[in-house]
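# Topology and contacts: notes
Letter by letter, the chains look like this.
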Amino acid sequence: MARNIEVIAAAISAALAGAAVAAATPEEVKTLGSTRMPWGAEKAGNKEGTIPEWTGAIAPPATFDPKTPTRRPDPFASEKPQFSIDAKNMDKYADKLSEGTKAMLTKYPTYRLDVYPSHRTANYPKYYLDNTVKNASQCKTVSDGLKLEGCWPGLPFPFPKTGNEVIWNRLLKFDAPAFTSANMSSRVVDATGKSTLVAASTVWIQYPIFDPKRTTPISGNEPYEVLRLDYSAPARKAGEKVLVRDSVDMVDTGRRAWSYLPGQRRVKLSPDLAYDTPSSTGGGTGVLDDTAVFFGAMDRYDFKLIGKKEMYIPYHAYKVRDPAVCPDPVRHVKNHLNPDCMRWELHRVWVVEATLKPGKRHVYPKRVFHFDEDFPGVGIADNYDSTGQIYRVVHNLPISLYETPGYHTTDEYVTYDLATGLYAHQTDPTDKGGWTVTEMKPDSFFSAEALAAEGVR
């Protein structure tokens, strides 16, 4: 274990809980672009060679057609699993498995991990990397880690020193400044294996702080992400709209959310679209801040940085996201996504333990997050119940986009409820549109007024 974990000084979180955390040291900053990638990840592979050195961005396969960019062929389709992990041999790999993964292997005899060669394909635009270098010596958290100060539009903390800093890296992950999916769908698979569509929508996601034309630092309370969903199915949800605006100031501004309900024909403020409110598209399998492993404010938890370790995580999920390879009847099997459609790789991840603060409420008293060092929005969440048992497990299903260098999508995910055997899969089926990088929309598009103006009358 000592070989895989970078031990973090235990005094950091206790001594600096409510204060600004020191930026990276000058010695650390000097390593960016040499032994460290500009986003802080280790450039070298591991000693065993099972994690490779970063050598460059992903190259699109010859079958990729830029005229139909949402159809993204698997660049590693010819590769075969190196080995598989199941309940019978999991002890051999226990030090590289999350507790939630172990729980799923133990509970479901049909569950397994097909482990493929690891590939490091992270790639970011120059302006993002330049700003990340600035952040290494300037960006810090204040107000118990709930506000950012002195930060530029890049990765906030290439050398995270606290759990809050790792979570900020996840929240300000870089996918693309603006992108949309014409048919984002969420399906719930019950304990018998029956798949039911619970929501379909057009989704717009925008990161105002990552506007390539921007030349100023992040201000105190501006939104880092804005999200809008216009539902089209099933019939009971058609016409509904949801708008979420998340601020870099979680203390005084926080999340602002609105919803439009056709039956009421009005837009209303929806403060309950946060924390452990059951997800309306999850069919009882998850809560709102389960979205994409973690999505929302940090004020209800104490986040402790455990360290960095090697772990098997879902990666380069082209197969499970391609209906031509794994259509719904194939990828959605009883209790879990079809292992034949999944790809697992060994990567270095930051491990953060979240413990509920005294006097705060959440359905998960404890959570453990594992976020990739190259893609800070990629990882696994193990969520515990009040008895200390694994309750729910959340996986990202990430891919890199070919048509626009430096962009990725990390917003497809699956939530497993081990108590019921149900799971929910949020996906963007490429046969009906898939994610598309777009021009940034005016801020007015992401406003309550826009929802009201476009609502069905």
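Placed above this text is the structure.
To keep things clear, this report deals only with the structure shown in the data block. This one's a predicted model, so the numbers in the text were calculated from it and none came from an experiment. For every chain, the first residue of the written sequence is number 1, and numbering continues from 1 along that sequence. Only residues with pLDDT of 70 or above have their local features reported here, since the model is predicted, and side-chain atom pairs are shown and tallied only from 80 upward, although totals for entire chains, interfaces and linings are computed over all residues. As a rule here, side-chain values come from all non-hydrogen atoms in the structure, and water together with hydrogens is ignored.

### Some remarks on the state of the cysteines
Disulfides are defined as cysteine sulfur pairs within 2.5 Å. For the structure on display, the rule yields 2 disulfides. The side chain of Cys 139 participates in a disulfide bridge whose partner is Cys 151; the two sulfur atoms lie 2.0 Å from each other. Judged by the sign of its S-S torsion, about 75°, the bond between Cys 139 and Cys 151 is right-handed. With a gap of 12 residues between them, Cys 139 in the loop between helix H4 (126-138) and strand S3 (140-142) and Cys 151 in the loop between strand S4 (147-149) and helix H5 (163-171) connect regions that are remote in the sequence. Classification of residues uses two cut-offs on accessible area relative to the type maximum, computed with a 1.4 Å probe and protein chains only: under 20% is buried, over 50% is exposed, and between them is partly exposed. Classification of Cys 139 as buried rests on a relative accessible area of 2%. Between the sulfur of Cys 326 and that of Cys 341 lies a disulfide, 2.1 Å long from S to S. Here Cys 326 and Cys 341 share a disulfide; its torsion about the S-S bond, -105°, makes the bridge left-handed. On the criterion of sequence distance, the pair formed by Cys 326 in the loop between strand S11 (301-314) and helix H6 (328-331) and Cys 341 in the loop between strand S13 (336-337) and strand S14 (344-356) is long-range, its members being 15 residues apart. On the basis of relative accessible area, Cys 326 is assigned to the buried category, the value being 4%. Secondary structure follows DSSP: runs of H or I at least 4 residues long count as helices, runs of E at least 2 residues long count as strands, and numbering of each begins at the N terminus.

### Focus on the packing of aromatic side chains
Pairing of aromatic rings covers Phe, Tyr and the six-membered ring of Trp, with a centre-to-centre limit of 6.5 Å; geometry is then stacked below 30 degrees between planes, edge-to-face above 60, and tilted otherwise. Under the counting rule described, the total for this entry stands at 28 aromatic pairs. Relative to Tyr 224, the ring of Trp 168 lies with its centre 6.3 Å away and its plane at 75°, an arrangement referred to as edge-to-face. Of the two residues, Trp 168 is situated in helix H5 and Tyr 224 in strand S7 (residues 223-233); the sequence distance between them amounts to 56 residues. Here Trp 168 and Tyr 224 have matching classes, each one buried. Aromatic side chains Tyr 364 and Tyr 391 sit 5.8 Å apart centroid to centroid with 80° between the ring planes, which places their arrangement in the edge-to-face category. Note that Tyr 364 is positioned in the loop between S14 and strand S15 (366-372) and Tyr 391 in strand S17 (residues 390-396), a separation of 27 residues in sequence. Note on Tyr 364: relative accessible area 0%, which makes it buried. A residue is classified by how much of its surface remains accessible, and Tyr 391, at 18% relative accessible area, is buried. Through pairs of rings, three or more aromatic residues link up here, namely Trp 39, Trp 54, Tyr 124, Tyr 127, Tyr 128, Phe 174, Phe 179, Tyr 207, Phe 210, Tyr 407 and Trp 435. Think of it as a cone above the ring: NZ of Lys or CZ of Arg counts as a charge over the ring if it is within 6 Å of the ring centre and within 35 degrees of the ring normal. Over the ring of Tyr 384 we find Lys 366; its NZ or CZ atom is 4.7 Å from the centre of that ring.

### Observations concerning the side chain of Asp 114
When you line up the elements, Asp 114 lands in strand S2 (residues 113-115). Take Asp 114: its relative accessible area is 5%, and that puts it in the buried class. In protein, a polar contact means a hydrogen-donor-capable atom and an acceptor-capable atom, both N or O and within 3.5 Å, with residues adjacent in sequence counting only if both atoms are side-chain atoms; elsewhere, any N or O pair within 3.5 Å suffices. A polar contact is formed between the side chain of Asp 114 and the side chain of Ser 84, at a distance of 2.6 Å. Of note is the side chain of Asp 114, whose polar atom sits 2.8 Å from the side chain of Arg 112. Any two residues whose heavy atoms approach within 4.5 Å at even a single point are treated as in contact. Ignoring any residue separated from it by four or fewer positions in sequence, one finds Asp 114 in contact with Pro 81, Phe 83, Ser 84, Pro 339, Met 342, Arg 343 and Trp 344.

### A closer look at unusual backbone geometry
For the bond from Ala 233 to Pro 234, the omega torsion is -5°, close enough to zero to count as cis. Secondary-structure assignment places Pro 234 in the loop between S7 and strand S8 (241-247). Its identity as a non-glycine residue notwithstanding, His 316 has a phi of 45°, on the positive side. For His 316, the location among the structural elements is in the loop between S11 and H6.

### Section: the environment of Lys 67
Mapping Lys 67 onto the fold places it in the loop between helix H2 (26-31) and strand S1 (83-85). Take Lys 67: its relative accessible area is 75%, and that puts it in the exposed class.

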